[in-house]
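# Descriptive analysis of the structure
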Amino acid sequence: MFRWLTLAAGLLVLAVLALILVFTVKEAWPAIQHEGVWGFLTGDRWVPNDPDGPGPARPMYGALAFIYGTVVTSLIAVIIAVPISVGIALFLTEFAPRRLRGPVITVIDLLAAVPSVVFGLWAILVLGPWLFDAYQATHGLLGAVPVLGSIFGPPQGPRAFMTAGIIVAIMIIPIITSITREVFATVPNADKQAALALGATRWEMIRGAVFPHSFGGVVGAVMLGLGRAMGETIAVSLTIGAATQITANLFGSGNTLPARIVQNWGDPGIPPGRSALVGLGVVLFLITIIVNYLARLVVSRAEIRMKGASA
Amino acid sequence: MLRRSALSRGRRIADVALRVAVWLCLIVAVVPLALVVYFVVVRGLPQWTPEFFDFAGRLTTRYQAEGGSMAPAIVGTLLTTGVAALIAIPLGVLGAIYLNEYGKNSPLARVIWMMTDVMTGVPSIVMGLFVFLAFVLLIDELNALAGALALACLMLPVVIRSSEEMLRLVPDELRQASLALGARRWRTIVSVVLPASISGIMSGALLAIARAAGETAPVVLVMGVTRRVNWSLFGGNVSLPMQIYDNAQQPYAAAQARAWGAALTLVVIVLVTTLVGRFIAARFAIRER
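About the thresholds
Residues numbered from 1 in each chain as written. Chains lettered and ligands numbered in written order. Predicted model: local features only at pLDDT ≥ 70, side-chain atom pairs only at ≥ 80, totals over all residues. Helix = DSSP H or I, 4+ residues; strand = E, 2+ residues; numbered from the N terminus. Buried ≥ 20, exposed ≤ 12 C-beta atoms within 10 Å, placed from the backbone. Contact = placed C-beta atoms within 7 Å. Domains from an automatic or database assignment. Nonpolar A, V, L, I, M, F, W, Y, C, P; charged D, E, K, R; others polar. Core = buried A, V, L, I, M, F, W, Y, C linked by C-beta atoms within 7 Å. Axes fitted to C-alpha atoms, helices over the stretch in contact; angles between N-to-C directions. Parallel < 35°, antiparallel > 145°, perpendicular 65-115°, else oblique. Left-handed = near helix turned anticlockwise from the far one by under 90°. Expected span 1.5 Å × (residues − 1). Bend = angle between axes of the 7 residues up to and from the residue.

### Section: the overall build of chain B
Secondary structure summary: chain B contains 10 helices and zero strands in total. When the helices and strands of chain B are listed from N to C terminus, the series reads α-α-α-α-α-α-α-α-α-α. Projected onto its principal axes, the C-alpha positions of chain B cover 70 × 65 × 35 Å. Put simply, chain B has 289 residues, and 50% of those count as buried. Summarising the internal contacts of chain B: among those between residues at least 6 apart in sequence, 75% fall at separations of at least 24.

### Observations concerning the domain arrangement of chain B
Residue and element names in this part refer to chain B. For chain B, the assigned domains are domain 1 (4-47) and domain 2 (51-284). Once you take the C-alpha centre of each, domain 1 and domain 2 turn out to be 33 Å apart. Between domain 1 and domain 2, the residue contacts involve six residues of the former and eight residues of the latter. Across the side of domain 1 that touches domain 2, the residue classes break down as three nonpolar, two polar and one charged.

### Some details on the nonpolar core
By size, the foremost hydrophobic cluster in this structure holds 191 residues, and its most contacted members are Val118 of chain A together with Met155, Ile244 and Ala263 of chain B. With 17 residues, the top contributor of residues to this core is helix H5 (residues 144-169) of chain B. When residues of this core are assigned to domains, at least three map to each of domain 1 (4-47) and domain 2 (51-284) of chain B. Excluding anything up to four places from it in sequence, Val118 of chain A contacts Val36, Val40, Ile244, Ala263, Leu266 and Val267 of chain B.

### Observations concerning the packing of helix H2 (residues 71-103) of chain B against helix H7 (residues 185-213) of chain B
Residues and elements named next belong to chain B. Where H2 contacts H7, the two axes come as close as 10 Å, and the packing angle between them is 140°. Looking at the two axes, H2 sits oblique to H7. The way H2 lies across H7 gives a crossing that is right-handed. Facing H2, whose interface residues are Thr77, Thr81, Ala84, Ala85, Ile89, Val93, Ile97 and Glu101, H7 presents Ile189, Val193, Ile201, Ala205, Ile209, Ala212 and Ala213.

### A short note on helix H9 (residues 202-231) of chain A
All names here are of chain A. The first and last C-alpha atoms of H9 sit only 37 Å apart over 30 residues, clearly below the 44 Å expected at 1.5 Å per residue. Approximately 60° is the largest bend angle found in H9, and it occurs at Phe215. Burial of H9 is extensive: 21 of the 30 residues sit out of reach of the surface.

### Description of the environment of Gly277 of chain B
All names here are of chain B. Positionally, Gly277 belongs in helix H10 (residues 253-284). Between the C-alpha atom of Gly277 and that of Pro218, which follows or precedes it by 59 residues, the distance is 24 Å. Those residues in contact with Gly277 that sit more than four places away from it in its chain are Ser203, Leu206, Leu207 and Ala210.

### Digging into the interface of chain A and chain B
Facing 64 residues of chain A, the contacting portion of chain B comprises 65 residues. In terms of residue count, helix H1 (residues 2-35) of chain A provides more of the side of chain A that touches chain B than any other element does, 17 residues in total. For the side of chain A that touches chain B, the residue count by class is 47 nonpolar, 13 polar and four charged.

### Brief notes about the environment of Leu277 of chain A
Residue placement: Leu277 of chain A occurs in helix H12 (residues 273-310). The class for Leu277 of chain A is buried, based on 26 C-beta atoms found within 10 Å.

See below:
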């Protein structure tokens, strides 16, 4: 009896996942039919307004600008967060004095405990205005350089891809740090001692013994962080600026898949408006599942290899 | 005798540079946390007036005006998070028992284990969409129960994972001793395995609750709105994260001030839950063997 009860609870996970897929795809279907799968994924215009109004003759639902925004912000976040996280993990495993280790881990955990909406609030009211000044200075400095000039283009305000990327970076540092730390901790002590005994400095030991051993695990950690970054909704919605545009300018404003859903949910436009928003959710769901699955794959492969090495 | 000065200059510089870089990384991560906490406290505390916590009061509808009560949002947060916990924790613990006590390495258990991983990675907004389509459309009303269901969906895989880890720490000798005394499998689990791991399970559950209390995206989609304290699971409701999100977007100082006040309240709730969870974990943990 009890056995079947526990099994039912376990199966609930499968049921919920299946139902998520069924319900969202079913709801998104009209919009996908309206645009065609390819059109929905590659259309760069999102115009859910009244056809009798000043807009185009029929509503247009193309997700490309939001897919682009999601990829750009999460890449910015990962590029900022990874070196910092690896640094903190190295600090904890190789450098920290014993009595500092506990407090630092607690601080990183607290960083993970702060709700994303609070980060968003701080980002838009405090950090954003500071960053805007920095954007203007950067643009002034690099604006005339050919490629950099278009990446660090004219700032359009404190709400930008960059602001969203920075705030998401802060939010994924704890995840990447904690997994990277665990991976670094599995490096066999004998390897490290051997490197040091050969006269390697701390840096040479880390480069020669720690990094090669934990590369796979760190890649997995980074991808898990990437998955989290892509799904982040509220902090991004507050800081990215809600513009439907594809631009190389990181100081320009844009939008991401989840942020667009939450911003337009109250007023999705004429049918199939809500269906199209759910369609954005389906795209997001599929992208994050693929990224997470690849991450787990990489981590478990790395784990097998590490176990082999330590045996 | 090997000395530091025996190293070539390049190697010495690289080593010192790494040391400095690692400290810098730590500082870069700590500074934002300190700044967030500082601003939330400094800007939020002045909002904590008796009116702010007036349970008979109303949420203000006008963003330009100061004042108004935040009690409806506090109640909404406690209600949805509490109900979500009541749904997700028993189910999650049962699922973990299946994985660790019954399923073990069977193919089905492996699939469930992998899908739990997948479910952990589902973005919170997708859970909100799912609950909206599966539940809100069904009963045709935005309500607190829908918010609780969305939060429960988010908590479930987290609770399964953390409970499973705790169950795995229970030494096999305990199970064998109980079985040898003639206790049935379920009896062993209920009266030996669970009591041995309950502190770990509770601390994991509390951390999941803390995360859920701060979730915004799913509840924004499914909860609707209320002006007065609504203890019912039905009818529109609000939560602290929804109020912060809503007010933070306004250009008016009064609305932004309310957002800071709500943020301080939310952070206190989340921090207290997290710290209690960590305390339980540290105080009553099974020592890893």
